[in-house]
Protein chains: 2
Amino acid sequence: MLGNFTYCNPTKLYFGQNALDNLGEELKRYGQTVMLVYGGGSIKRNGIYDRVVSILRNCGKRIVEDPGVMPNPTVEKLYEGCRIAKENRVDLILAVGGGSVCDYSKAVSVSAYCEGDPWEKYFVRFEDVDNAIIPVGCVLTMVGTGSEMNGGSVITNHSQKLKIGHVFGENVFPKFSVLNPEFTFTLPKYQMVAGFFDIMSHILEQYFSGTDDNTSDYIMEGLLRSLIHSAEIAVQNPTDYEARSNIMWIATWALNTLVAKGKATDWEVHMIGQAVGAHTDATHGMTLSAVSLAYYRHILPYGLPKFRRYAVNVWNVSPEGKTDEAVAREGLEAMERWMRMLGLVMNIRELGATEEMLEGIADSTLINQGGYKALTRQDVLEILRESL
Amino acid sequence: MLGNFTYCNPTKLYFGQNALDNLGEELKRYGQTVMLVYGGGSIKRNGIYDRVVSILRNCGKRIVEDPGVMPNPTVEKLYEGCRIAKENRVDLILAVGGGSVCDYSKAVSVSAYCEGDPWEKYFVRFEDVDNAIIPVGCVLTMVGTGSEMNGGSVITNHSQKLKIGHVFGENVFPKFSVLNPEFTFTLPKYQMVAGFFDIMSHILEQYFSGTDDNTSDYIMEGLLRSLIHSAEIAVQNPTDYEARSNIMWIATWALNTLVAKGKATDWEVHMIGQAVGAHTDATHGMTLSAVSLAYYRHILPYGLPKFRRYAVNVWNVSPEGKTDEAVAREGLEAMERWMRMLGLVMNIRELGATEEMLEGIADSTLINQGGYKALTRQDVLEILRESL
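Just so we're clear, the structure is a prediction, and the values are computed from it rather than from any experiment.

### A closer look at the overall build of chain A
Counting its secondary structure elements, chain A contains 15 helices and eight strands. Here the C-alpha radius of gyration of chain A, 20 Å, is about what a compact globule of 388 residues would show, namely 21 Å. In terms of its C-alpha atoms, chain A occupies a principal-axis envelope of roughly 70 × 45 × 45 Å. Residues counted as buried form 56% of the 388 residues belonging to chain A. Nonlocal contacts in chain A, meaning residues at least 24 apart in sequence, comprise 79% of its contacts between residues at least 6 apart.

Written out as structure tokens, the structure reads:
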């Protein structure tokens, strides 16, 4: 049931092949100093860096560079970014990259003027932001996280073996995001399909809860069907604009707070996947694909009607003459075939996890309420073993 | 295909049984004088008026009343509202009512400081707004139009037999809207189901265009399935909170610009229905229900694959062993059964239209491009005859 909630998503999206043309007009709203945040340098090879810098220069901006954001941004990198932002009195943080770059930029935006340790305050204690926030804009080069239109930010602390996400409020959402599907074309296939599964996982984490009748579930079924269809096309032809543009749009709506309305969620696939990531530094989407089927088969008995609905409405499983459980399991089998067709990683061993690491990964797994089964540490261990 | 577009929807929504509790906090953002706009007085009978006035008084606001907004707000009423708003230097227009009250409030908000005739400028010539805009907030008591989260405003000019809508930009969108499903419980059944069909029609107007693969269509199929299901429950039990809350939420997302992305639309059911409304003053949703099936059966041959998809994905028509046209027609038959079950008006004669009026209604019908068939005046006449 849709309960009481507030919905507000002020992020302005520029979508399409000409989306970057709007950056200059947006930049006029902000002061002179722009912190340009990016990752390992792929944007220099594909020309996006030059195009963005040219627009910044034409707008008379002073550019402060903060490159080298890693796939799982670390707390050490966060401290460095805060120092750069504060020392240069940055007026706007411009994130050019994928989810990690956007997540990191939001973390810096709330942390730069934080009194005390921002890791402790925002990622361990989940406190509300009570300091000045530096506005963030995004130019997206990889889809999956939905970070371009939400308040989410995930930071990894390797020494503590923790990878923790904080979902900040609308004052931390990017002010604008530039979404040109073509900017995602040059991404290697491994990262591309990992992103596809990240999107799938975002939707499923929100879909698999509740026994009520909620419009959010119907919207999610639509998003899932579109994603499944477009991913099948994109994996064959990564430069199919129609498929890639649909996927970019689905990624945004999968995690911009809309479909969460009225849903309880425990995000346990992400909790387990993030723990795997903290121990292996594997690609985020692949940590999710490697544990998802074991997780869903584990909780299926506790949410059987929804798993049956998923099979019928999303995977077109015919329910006639079958038990509910048979229908539900057929849905997960269809999902597994689709995942293998995409070339996703299907076990955590391939990501570097070993039998000996499982106890440690289980220790790093946060356990939430809200799904069909409140997991125990033993459940997590069993899921990890089945994922090995 | 998703082309180039900008998406920005800044309206803040307060949803649920406690939604009105947020009004006081919102009011603090605006100046002292609030223009309270409402309709025929039903809000006085059901207590919502007293609750809103009490909150306004507690916030120390000066209240300027503008009651009596009619179901199809007239240009004369608009002129009166502009005079009241301007003379009182209104800081906020608070619309308490359904789509007509919200539409009218937005029309006043852009027209009060318009130089020249706002009807001519904004509803005949569709010019951009270049004058000061008075902010609008809404407390919704009837669902259907989606006016609570968009820039749409429809005004009727009886002397010119014209009912015209202008979709204004995001600066005209309501700043906030209070959506309490319980506020819609006391609406008479005739208005309730008319609103349900208005929602259905908004989605279908956007769904029936294009031959591409577009995520918007998948989202709309989800919204339609949820609407069909919840409407069946609500018509039996109008105080079923779950069904009414889902419908309220669907109404908002059916017409807040999201599902329009990448879609060409001609809105011809609305164009014909609005012409019927201008000649009969009938309830908006009923003018749409009375002409929809004739219209869709008329254009079905031009968009056959989409009508087939509609039948299968929305109405669960089994396609096996049938021609595409048979499947498509079965979908419209299922829709017709659902419409009759709701008790919708199925012909325009029941709304007061006569054979003699059809030429005049056709003359008042605006013809747009973007659907599966660009209508001729002859097409419109045929659809009207089939709707009689």
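Next comes the rest of the description.
### Quick notes on the interface of chain A and chain B
At the junction of the two partners, chain A supplies 34 residues and chain B supplies 34 residues. For the side of chain A that touches chain B, the secondary structure elements donating two or more residues are β1 (5–15), α8 (215–236) and α9 (241–254) of chain A. Grouping the amino acids of the side of chain A that touches chain B by side-chain chemistry returns 15 nonpolar, 13 polar and six charged. Judged from the seven bridges that link them, β1(A) and strand β1 (residues 5–15) of chain B form a sheet pairing that is antiparallel. Each bridged residue has a counterpart across the sheet, and for T6(A) the counterpart in β1(B) is Y14(B).

### What to know about the relation of the copies chain A and chain B
Overlaying chain A on chain B yields an RMSD of 0.0 Å, the required transformation being a rotation through 180 degrees with an accompanying axial translation of 0.0 Å. The two molecules are tied by a two-fold rotation axis, judged by turn and shift. With an isologous cut-off of 70% or more, the 100% of interface residues of chain A that recur at the interface of chain B puts this contact in the isologous class.

### Looking at the pairing of strand β7 (residues 162–167) of chain A
All names here are of chain A. Bridging between strand β6 (residues 152–157) and β7 involves six bridges; their strand directions are antiparallel. Bridge pairing links I155 to I164 in β7. From the end of β6 to the start of β7, which pair antiparallel, there are four residues, and K161 there has a positive phi angle of about 50 degrees.

### Re the sheet that holds strand β8 (residues 176–179) of chain B
An order of β3(A)-β2(A)-β4(A)-β5(A)-β8(A)-β1(A)-β1(B)-β8(B)-β5(B)-β4(B)-β2(B)-β3(B) is seen for the 12 strands of this open sheet, with the pairing classed as mixed. At either margin of the open sheet sits one strand with a lone partner, and together these are β3 (62–66) of chain A together with β3 (62–66) of chain B. Averaged over neighbouring strand pairs, the angle between their axes works out to 25 degrees when direction is ignored. One ladder, built from four bridges, connects β1(A) with strand β8 (residues 176–179) of chain A; its direction is parallel. Its bridge partner being in β8(A), F15(A) is matched across the sheet by L179(A). Where helix α5 (residues 99–111) of chain B meets the sheet, it contacts β2 (33–37), β4 (92–97) and β5 (136–140) of chain B, and its direction lies at approximately 165 degrees from that of β4(B).

### Looking at the domain arrangement of chain A
Split by domain assignment, chain A resolves into domain 1 (12–183) and domain 2 (192–387). Counting from both sides, the interface comprises 16 residues of domain 1 of chain A and, opposite them, 24 residues of domain 2 of chain A.

### As for the packing of helix α7 (residues 189–207) of chain B against helix α11 (residues 284–299) of chain B
All names here are of chain B. Running from N to C, α7 and α11 point in directions that differ by 60 degrees, and their axes come no closer than 7 Å. In terms of axis orientation, α7 runs oblique to α11. For the crossing formed where α7 meets α11, the hand is left-handed. Residues A194, G195, F197, D198 and S201 of α7 lie in contact with α11, whose contacting residues are H284, G285, M286, L288, S289 and S292. Looking at the contact of α7 with α11, its residues break down into four nonpolar, six polar and one charged.

### A few points about the environment of V380(B)
All names here are of chain B. Assignment of secondary structure puts V380 in helix α15 (residues 377–387). Separated by 208 residues in the primary sequence, V380 and V172 place their C-alpha atoms 32 Å from one another. Leave out the neighbours within four places in its chain, and V380 touches I272, A362, T365 and L375.

### Details of the packing of helix α10 (residues 268–280) of chain B against α11(B)
Residue and element names in this part refer to chain B. It is the contact of α10 with α11, at a shortest axis distance of 8 Å, that shows an interaxial angle of 125 degrees. Classed by the angle they form, the pair α10 and α11 counts as oblique. Pair α10 / α11 crosses with right-handed handedness. Touching E268, V269, H270, I272, G273, V276 and G277 of α10 are H284, T287, L288, A290, V291, S292 and Y295, all from α11. Here the residues of the contact of α10 with α11 are counted per class, giving seven nonpolar, six polar and one charged.

### A closer look at helix α7 (residues 189–207) of chain A
Relative to the 27 Å expected for 19 residues at 1.5 Å per residue, α7(A) spans 27 Å between its end C-alpha atoms, a close match to the ideal helical length. In terms of burial, α7(A) is largely enclosed, as 16 of its 19 residues are buried.

### Concerning the environment of A254(A)
Tracing the sequence through the fold places A254(A) in helix α9. The sequence separation of A254(A) and M220(A) amounts to 34 residues, and the corresponding C-alpha distance is 7.7 Å.

### Quick word on helix α15 (residues 377–387) of chain A
Along α15(A), the residues classified as buried are V380(A), I383(A), L384(A) and S387(A). Relative to the axis of α15(A), the buried residues are bounded by an arc of 100 degrees and lie together on one face.

### Digging into the confidence of the model for chain A
Confidence in the prediction of chain A, expressed as mean pLDDT, is 96, and 100% of residues score 70 or more. The ipTM, which scores confidence in the relative placement of chains, is 0.95 for this predicted complex, and the corresponding pTM is 0.95.

### Quick word on unusual backbone geometry
Its identity is not glycine, yet T257(A) carries a phi of approximately 85 degrees, on the positive side. Tracing the sequence through the fold places T257(A) in the loop between α9 and α10 (268–280). At W267(B), a position not held by glycine, the phi torsion is positive, near 50 degrees. Mapped onto the elements, W267(B) comes out in the loop between α9 (241–254) and α10.

### Quick look at the environment of V317(B)
Residue and element names in this part refer to chain B. Locating V317 in the fold gives a position in the loop between α12 (304–315) and α13 (324–342). The class for V317 is buried, based on 21 C-beta atoms found within 10 Å. A sequence separation of 67 residues divides V317 from L384, and the C-alpha atoms of the two residues are 28 Å apart.

Thresholds, definitions, all that
- Residues numbered from 1 in each chain as written.
- Chains lettered and ligands numbered in written order.
- Predicted model: local features only at pLDDT ≥ 70, side-chain atom pairs only at ≥ 80, totals over all residues.
- Helix = DSSP H or I, 4+ residues; strand = E, 2+ residues; numbered from the N terminus.
- Rg over C-alpha atoms; globule rule 2.2 N^0.38 Å.
- Buried ≥ 20, exposed ≤ 12 C-beta atoms within 10 Å, placed from the backbone.
- Contact = placed C-beta atoms within 7 Å.
- Nonpolar A, V, L, I, M, F, W, Y, C, P; charged D, E, K, R; others polar.
- Pairing = 2+ DSSP bridges.
- Least-squares fit on C-alpha atoms with pLDDT ≥ 70 in both.
- Axes fitted to C-alpha atoms, helices over the stretch in contact; angles between N-to-C directions.
- Domains from an automatic or database assignment.
- Parallel < 35°, antiparallel > 145°, perpendicular 65-115°, else oblique.
- Left-handed = near helix turned anticlockwise from the far one by under 90°.
- Expected span 1.5 Å × (residues − 1).
- Arc of directions from axis to C-beta.
- pLDDT = per-residue confidence, 0-100.

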